[in-house]
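Inside the fold
Now for the letters of each chain:
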Amino acid sequence: MSNDLPQCSTVERVQLRSALRDLPAYKPGKSAAVAGSLVHKLSSNENPYPPLPSVQEVVAEAAAGINLYPDMTCGAVTEAVADRWDVPAASVSFGAGSVEVASQIVRAVAGEGDEVIFAWRSFEAYPILTGLAGATAVHVPLTEDERHDLPAMAAAVTDRTRVIFVCTPNNPTGTSVTTGELHTFMEAVPQDVLVVIDEAYVHFNVDPAAAQGIDFFRAYPNVLILHTFSKAYGLAGLRIGYAIAPDYVSAALRAVAIPFGVSALAQKAALASLEAEDEIEARISALVAEREKLHRRLARIGWSVVASEANFVWLRTGEATQELEEIFTKAGVIVRAYPSDGIRISIGTAEANKKALQTAKDAFTHFTSITRSAGER
Ligand SMILES: *Cc1c(COP(=O)(O)O)cnc(C)c1O
C-alpha cells in the first residue's frame, strides 16, 4: 500500500505561544442544567431577575436588524453613559463585557516584562489577561479580614508596573476599599501607572465609607473606572461593559478593541436599562436586603463572615472547601468553590437564598468537625 501523502506520525505540531503554557483557566460557575433539575445556580453572581419588559422589547426589535453590523462607535449608549456620569463622551469606551474592556486595558498598557498588580484572591480574569499580554502578574495577598492591602499593593510598585487593578467591592470576598484608604494609595502610586477601579458590583455597595470610583477619576489623571451591565443591570448574556478613562487612554482602548465587538442588541439593551433606573434600583434594593439577611443568618449559625457590599457572600472554608462544596451540590445549591480558599454564594431568588442558608447550616456542622479533627491531628 503506497501513496504520496506524508505519514501522519511525522506531522509536526504548530507552535503555540509559550505564554499559554502557564495560563490559569477561567472557570465559569457550574451551570444548573448539568447538575439536574430543582437546582439553584448561585455560582456566577448573575442577577436572578428576568430582563425588564422594556429591555426585552428593544432586544426583540433589534433582532430584526442582525443582518447588519452594529454601530462600531457605540454612539448612543456612549452619550447616555457620558450624561449619566457627567464626563466627556471621549472618556467613555465599550467592550463585550467589562472583561473584554479589562483585556483591552492590559493589551494597551502592558507587554513583555511589564508588571500588573492586583489583590489575591480577586477576580480570576486578572492573571489570565495579564499572562495573555505576556506581562507578569503580581499577586498581593488580601488582609486577614479579606480586604485589599492597599499599602502592600503600593509597596509592590516597581518601575516595571504598568497597571494596578483595585476590585471594589472585591470578587469573591465582597469587601470594599474606603475613600480615605484609596486617596492615601493614589498619592503613593506614580502617576504614569494606570489604576483600574473595577466596580462591577458598585451598585450593591451601601457602605457610606466606600470609595466611589467616579470621584477618583475626577481627582487623579491616572484612574480608569470599569463598569458592567452584567450584574446589577442583569444583562450578563448580552456582553456589554465600559471604561471611563482619560480621553487618550480611551482612544487607546478603542484602538485595541475587536471591531464590532459589542452587538446592537447589547447596545440597545444597555440604553434601555439606563432609562429604567427606577426599576433597576428597586431590584438592587431587594437583592441588597436579601444579602444582609443571608449575612446575618450565616453569622448566627456561627460562620465568621465579613460584610459583603456585592451580590454574593463569602465563606472562608480553607482546606474544607471541596468537601463543603459537595454538600451544597448535593442539596441542589450550585456555589463557586475556590479550592483551599473559600466558597462564594451569589444572592439569588428568596427561595434560592433560603435553600443556601439551610445548606450552610449543615455545612457548618461539617466544617467545625473537619477543622476540629484537623486541629487534633
Ligand atoms: C463579573 C465581573 C466583571 C464583568 O463581567 P462582564 O460580564 O464581562 O462585564 C468584571 N469584574 C469583576 C470583578 C466581575 O466580577
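From a predicted model like this one, the values you see are computed outputs, not experimental measurements. (Residues numbered from 1 in each chain as written. Predicted model: local features only at pLDDT ≥ 70, side-chain atom pairs only at ≥ 80, totals over all residues. Heavy atoms only, no water.)

**Considerations on the site of the ligand**
The cut-off we apply is this: Think of it this way: one heavy atom of a residue within 4 Å of a molecule or strand is enough to make that residue near it. Any pair of nitrogen or oxygen atoms within 3.5 Å is treated as a polar contact; in protein, a donor-acceptor pairing is required on top of that, and neighbouring residues in sequence qualify only through side-chain atoms on both sides. Cavity means a closed set of points on a 1 Å grid over the protein atoms alone, one where a 1.4 Å probe fits but cannot get out, pocket means an open set with protein on both sides within 12 Å along at least 5 of 7 lines, and lining means a residue has an atom within 4 Å of a point. Think of it this way: if more than half of a molecule's atoms are within 2 Å of a pocket's grid points, that molecule is in the pocket or cavity.
Surrounding the ligand, one finds 13 residues, the nearest of these being Ser98, Tyr201, Thr228, Ser230 and Lys231. Ser98 has a polar backbone atom sitting 2.6 Å from an oxygen atom of the ligand. Residue Lys231 places a side-chain N or O atom 3.3 Å away from an oxygen atom belonging to the ligand. With respect to the pocket detection grid, the ligand is positioned in the largest pocket.

**Points about empty space enclosed by the protein**
As a reminder, the rule being used: Grid points are joined across faces, edges and corners, and a volume is the space filled by probe spheres set on the points. Boundaries of every domain are those given by an automatic assignment or by a domain database.
Under the criterion given, the structure shown has 2 cavities of 30 Å³ or more. Taken as a whole, the largest cavity holds about 70 Å³ of empty space. Asn47, Tyr49, Pro50, Pro51, Leu52, Val55, Ala232, Tyr233, Gly234, Leu235, Ile280 and Arg283 are the residues that line the largest cavity. Mapping the lining of the largest cavity onto the domain boundaries places at least three of its residues in each of domain 1 (25-49 + 278-376) and domain 2 (53-275). By volume, the second largest cavity amounts to about 50 Å³.

**Remarks on helix H2 (residues 53-63)**
What counts here: Throughout this description, buried means an accessible area under 20% of the type-specific maximum (1.4 Å probe, protein chains only), exposed means over 50%, and partly exposed covers the range between. Numbered from the N terminus, helices here are DSSP runs of H or I no shorter than four residues, and strands are runs of E no shorter than two. The reported arc concerns the directions from the helix axis to the C-beta atoms and nothing else. Residues count as neighbours in contact if any of their non-hydrogen atoms are within 4.5 Å of one another.
For H2, the set of buried residues is Val55, Val59 and Ala62. An end-on view of H2 places all buried positions within 65° of arc, on one side of the element. Across from the buried face of H2, at angles greater than 90 degrees, the exposed residues are Pro53, Glu57, Ala60 and Glu61. In this fold, the buried residues of H2 make contact with helix H10 (264-274).

**Structural notes on the domain arrangement of the protein**
Our working rule: Buried area: the accessible area, evaluated with a 1.4 Å probe, that two parts lose upon being put together, summed over both parts. What makes a salt bridge here is a side-chain nitrogen of Lys or Arg within 4 Å of a carboxyl oxygen of Asp or Glu, nothing more. Charged residues are taken to be Asp, Glu, Lys and Arg, nonpolar residues to be Ala, Val, Leu, Ile, Met, Phe, Trp, Tyr, Cys and Pro, and polar residues to be all remaining types, Gly included.
For the protein, the domain assignment lists domain 1 (25-49 + 278-376) and domain 2 (53-275). Using only C-alpha atoms to locate each centre, domain 1 and domain 2 end up separated by 25 Å. Listed as interface residues are 24 residues of domain 1 and, on the opposing side, 26 residues of domain 2. When domain 1 packs against domain 2, close to 2,300 Å² is buried across both sides, 58% of that on carbon and sulfur atoms. Among the residues domain 1 hides against domain 2, the three largest losses belong to Tyr26, Ile280 and Glu309. Together they make up 27% of the total. The interface formed by domain 1 and domain 2 includes 3 salt bridges. A salt bridge links Asp341 to Arg121, with the nearest nitrogen and oxygen atoms 2.7 Å apart. Where domain 1 packs against domain 2, one counts 13 residue pairs in polar contact (both at pLDDT 80 or more). Broken down by element, the side of domain 1 that touches domain 2 gets its largest block of residues, 5 residues, from helix H11 (residues 277-301). Classifying every residue of the side of domain 1 that touches domain 2 gives 12 nonpolar, 5 polar and 7 charged.

**What to know about the nonpolar core**
Here is a general trend for soluble globular proteins: nonpolar side chains tend to be buried in one another's company. For clarity, the cut-off: By nonpolar core we mean a set of buried residues, namely Ala, Val, Leu, Ile, Met, Phe, Trp, Tyr and Cys, connected to one another through side-chain atoms within 4.5 Å.
Phe94, Phe185, Ile244 and Trp303 are the most contacted members of the largest nonpolar core, which totals 88 residues. Looking at which domains feed residues into this core, each of domain 1 (25-49 + 278-376) and domain 2 (53-275) gives three or more. Not counting residues within four places of it along the chain, the set of residues in contact with Phe185 comprises Leu150, Met153, Ala154, Ile164, Val166 and Val195. Counting 24 residues, the second-largest nonpolar core is a separate cluster that includes Val101, Phe165, Val249 and Leu253.

**Quick word on the sheet that holds strand S2 (residues 92-95)**
Stated precisely, the cut-off is as follows: Criterion used throughout: strands pair if DSSP finds at least two bridges between them. To obtain an axis, a line is fitted to C-alpha atoms, over the contacting stretch when the element is a helix, and the angle between two such axes runs from 0 to 180 degrees between their N-to-C directions.
If you walk across this open sheet you meet the 7 strands as S2-S8-S7-S6-S5-S3-S4, and the pairing is mixed. At either end of the open sheet lies a strand with only one pairing partner, and these are S2 and strand S4 (136-141). Taking the axes of each pair of neighbouring strands and ignoring which way they run, one obtains an average angle of 25° across the sheet. Note: strand S7 (residues 223-228) against strand S8 (residues 241-244), 4 bridges, orientation antiparallel. Bridge assignment links Thr228 to a residue of S8, and that residue is Gly241. Taken strand by strand, helix H4 (residues 98-109) contacts S2, strand S5 (161-167), strand S6 (194-198), S7 and S8, and its axis lies near 155° from that of S7.

**Observations concerning the pairing of strand S3 (residues 115-120)**
The buried count for S3 comes to 5 of 6 residues, which makes it a mostly enclosed element. As paired elements, S3 and S5 share 4 bridges and run parallel to each other. The residue of S5 that forms the bridge with Glu115 is Thr161.

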